[in-house]
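Examination of the molecular architecture
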Amino acid sequence: VQLQASGGGLVEAGGSLRLSCVVSGRTFSNYAMGWFRQAPGKEREFVATITWSGGGTLYADSVKGRFTISRDNAENRVYLQMNSLKPEDTAVYYCAARFAYRIIQLWSAGNQYQYWGQGTQVTVSS
């Protein structure tokens, strides 16, 4: 499974960005998807996850109400819409995939995901 994240950039506080991650190599709809981030000098942290069907989502408390995860199984893509961005959202954002054929469960730990993208930088200026 190959994952390619894109959509990062520089934005002012209060602005918005939409990250995208395209997945290839396997049947996308068999995988739960997650977004994680890592700021300089900090541990990688969970941001959001979505079930294989898109019917279930989970968010970190720090992004709840501002970020929205979604997926398009026909396009093999998962998205992260980020609104009301704050300087503390600055990080490299990674998409991740976990095989979850017909499993309705939400995973928030990085070690629960088998495949990772290369990351896309998000910088929020104050």
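Everything below is about the structure printed above this text.
Notes on the structure in this doc start here. These numbers come from a predicted model, not from an experiment.

**Section: the overall build of the protein**
Tallying secondary structure elements over the protein gives 0 helices and 11 strands in all. When its helices and strands are written in sequence order, the protein yields β-β-β-β-β-β-β-β-β-β-β. A compact globule built from 126 residues should have a C-alpha radius of gyration of about 14 Å, and the protein, at 13 Å, falls within 12% of that. Principal axes of the C-alpha set define a box for the protein whose edges measure 40 × 25 × 25 Å. Each of the 126 residues in the protein was classed as buried or not, and the buried ones make up 44%. Expressed as a percentage of contacts within the protein between residues at least 6 apart in sequence, the contacts between residues at least 24 apart total 59%. For the protein, the computed accessible surface area is about 6,200 Å², with 45% contributed by carbon and sulfur atoms. The average position of the 12 basic charges and that of the 8 acidic charges among the side chains of the protein differ by 8 Å.

**Focus: the state of the cysteines**
Taken as a whole and judged by the stated rule, the model has 1 disulfide. A sulfur-sulfur distance of 2.1 Å marks the disulfide that ties Cys 21 to Cys 95. On the sign convention where negative is left-handed, the bridge of Cys 21 and Cys 95, at about 60° about the S-S bond, is right-handed. Here Cys 21 is found in strand E3 (residues 17–24), whereas its partner Cys 95 is found in strand E9 (residues 91–99), with 74 residues between them in sequence. Of the two residues, Cys 21 and Cys 95, both sit in the buried class.

**Brief notes about the nonpolar core**
Counting residues in hydrophobic clusters, the biggest one holds 38 residues, and the most contacted among them are Met 33, Trp 35, Leu 80, Met 82 and Tyr 93. Contributing elements (two or more residues each) for this core: strand E1 (2–6), E3, strand E4 (31–38), strand E5 (45–50), strand E7 (67–72), strand E8 (77–82), E9 and strand E11 (120–125).

**Quick look at the sheet that holds E3**
Through backbone hydrogen bonds, the strands of a sheet pair up, either in parallel or in antiparallel fashion. Taken in spatial order, the 4 strands of this open sheet run E1-E3-E8-E7, and their pairing is antiparallel. Both edges of this open sheet fall to E1 and E7, since each of them pairs with a single strand only. Going from strand to strand, the sheet's axes swing by 15° on average, the running direction of each strand aside.

**A closer look at the pairing of E5**
Of all 6 residues that make up E5, 5 are buried, and the element is covered over most of its length. Direction of pairing for E4 relative to E5: antiparallel, over a ladder of 5 bridges. When the bridges of E5 are listed, Phe 36 appears paired with Phe 46. Taken together, E4 and the strand that follows it, E5, pair antiparallel across an intervening segment of 6 residues, in which Gly 41 is found at a positive phi of about 80°. Bridge count between E5 and strand E6 (residues 57–59): 3 bridges; the pairing is antiparallel. Counterpart to Thr 49 in the pairing with E6 is Leu 58. Counting the residues between successive antiparallel strands, the hairpin from E5 to E6 contains 6 residues, one of them, Gly 54, with a positive phi of roughly 90°.

**Examining the environment of Val 63**
Tracing the chain through its elements places Val 63 in the loop between E6 and E7. For Val 63, a relative accessible area of 0% gives the class buried. Counting along the chain gives 16 residues from Val 63 to Val 47, while the straight-line C-alpha distance between them is 7.0 Å. In this structure, Val 63 is in contact with Arg 37 and Val 47, ignoring residues within four places of it in sequence.

**Comments concerning the packing of aromatic side chains**
In this description, a pair of aromatic rings is defined by centroid distance and the angle of the planes. Tallying each qualifying case throughout the model produces 6 aromatic pairs. An angle of 70° between the planes, with centres 6.1 Å apart, marks the rings of Tyr 31 and Tyr 115 as edge-to-face. Of this pair, Tyr 31 sits in strand E4 while Tyr 115 is found in strand E10 (residues 115–116), placing the two residues 84 residues apart along the sequence. Taken together, the aromatic side chains of Phe 36, Phe 46, Tyr 113 and Trp 116 make up a single cluster linked through ring pairs.

Calculation notes
- Residues numbered from 1 in each chain as written.
- Predicted model: local features only at pLDDT ≥ 70, side-chain atom pairs only at ≥ 80, totals over all residues.
- Heavy atoms only, no water.
- Helix = DSSP H or I, 4+ residues; strand = E, 2+ residues; numbered from the N terminus.
- Rg over C-alpha atoms; globule rule 2.2 N^0.38 Å.
- Buried < 20%, exposed > 50% of the residue type's maximum accessible area, 1.4 Å probe, protein only.
- Contact = heavy atoms within 4.5 Å.
- Areas by Shrake-Rupley, 256 points an atom, 1.4 Å probe, with all protein chains shown as cover.
- Lys, Arg positive; Asp, Glu negative; His and termini not counted.
- Charge placed at Lys NZ, Arg CZ, Asp CG, Glu CD.
- Disulfide = S-S within 2.5 Å.
- Core = buried A, V, L, I, M, F, W, Y, C linked by side-chain atoms within 4.5 Å.
- Pairing = 2+ DSSP bridges.
- Axes fitted to C-alpha atoms, helices over the stretch in contact; angles between N-to-C directions.
- Phe/Tyr/Trp six-rings, centres within 6.5 Å; stacked < 30°, edge-to-face > 60°.

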